[in-house]
Amino acid sequence: MRAKSDREGPLGEVERHIEEVLDRYVRHLLAKDGGEAALVRFDAAEGTAWVRMGGACGGCPSGTTTLKRTIEQTVVRWVPEVKRVHAVADAGTPMEDPKARFRRWVAAKWGKS
């Protein structure tokens, strides 16, 4: 799976390691439900990785749980420089009714509405 970073310019060593962990352990799990995660930046001074969650994960009511229990726990385990992971919100994306998003996900996954 190819890296889906939102970063511009070359990745540093820690960023490459974060991308490898996301590719190997996280992205395929999110993709099963139509979601995705993209590394936006890593702040070495704070040990914080900033991730943009998109697809079905963007704005999902369970997004915080996914971020903390799946993404953060995995990245912190495999990349010792990372102490925490935070989500980056899309400022231009309007909030969508979670029920409408869920119905669309069910229709896409099982062809039902």
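What you are looking at is a predicted structure, and each value in this text was computed from that prediction instead of being measured.

Colleague: It is not clear to me how the overall build of the chain should be interpreted in this structure. Could you clarify?
Modeller: On a plain count of helices and strands, the chain comes out with three helices and three strands. Beginning at the N terminus, the succession of helices and strands in the chain can be written as α-β-β-α-β-α. For the chain, buried positions account for 32% of its 113 residues. A separation threshold of at least 6 residues defines the contact pool for the chain, and within that pool the share at least 24 residues apart is 53%.

Colleague: Explanation requested: the nonpolar core in the structure shown.
Modeller: Soluble globular proteins tend to pack their nonpolar side chains together in the buried interior. Among the nonpolar cores identified, the biggest contains 19 residues, and Ile18, Ile71, Val75, Val82 and Val85 are the most heavily contacted of them. Listing elements by their share of this core, those giving two or more residues are helix H1 (13-32), strand E1 (35-43), strand E2 (48-55) and helix H2 (63-78). Considering every element that reaches this core, the biggest residue donor is H1, with six residues.

Colleague: How do you make sense of the sheet that holds strand E3 (residues 84-87) when you look at a structure like this?
Modeller: Through backbone hydrogen bonds, the strands of a sheet pair up, either in parallel or in antiparallel fashion. Strands sit in the order E1-E2-E3 across an open sheet of three strands; the sheet is mixed. At either end of the open sheet lies a strand with only one pairing partner, and these are E1 and E3. Shown here is a sheet whose adjacent strand axes are inclined to one another by a mean of 30 degrees, direction ignored. The pairing of E2 with E3 spans four bridges and is classified as parallel. Counted as the bridge partner of alanine 49 is valine 85 from E3. Most of the contacts of H1 go to E1, to which it runs at about 160 degrees, and overall it touches E1 and E2. Across the sheet, H2 is in contact with E1, E2 and E3; its angle to E3 comes to roughly 145 degrees.

Colleague: Got a minute to help me understand the packing of H1 against H2 in this structure?
Modeller: In contact at an axis separation of 9 Å, H1 and H2 are set at 145 degrees when each is read in the N-to-C sense. As H1 runs across H2, the sense of the crossing is right-handed. Along the contact surface, H1 presents His17, Ile18, Val21, Leu22, Tyr25, Val26, Leu29 and Leu30, while H2 presents Thr66, Thr70, Ile71, Thr74, Val75 and Trp78. In terms of residue class, the contact of H1 with H2 is built from ten nonpolar, four polar and no charged.

Rules used throughout
Residues numbered from 1 in each chain as written. Predicted model: local features only at pLDDT ≥ 70, side-chain atom pairs only at ≥ 80, totals over all residues. Heavy atoms only, no water. Helix = DSSP H or I, 4+ residues; strand = E, 2+ residues; numbered from the N terminus. Buried < 20%, exposed > 50% of the residue type's maximum accessible area, 1.4 Å probe, protein only. Contact = heavy atoms within 4.5 Å. Core = buried A, V, L, I, M, F, W, Y, C linked by side-chain atoms within 4.5 Å. Pairing = 2+ DSSP bridges. Axes fitted to C-alpha atoms, helices over the stretch in contact; angles between N-to-C directions. Left-handed = near helix turned anticlockwise from the far one by under 90°. Nonpolar A, V, L, I, M, F, W, Y, C, P; charged D, E, K, R; others polar.

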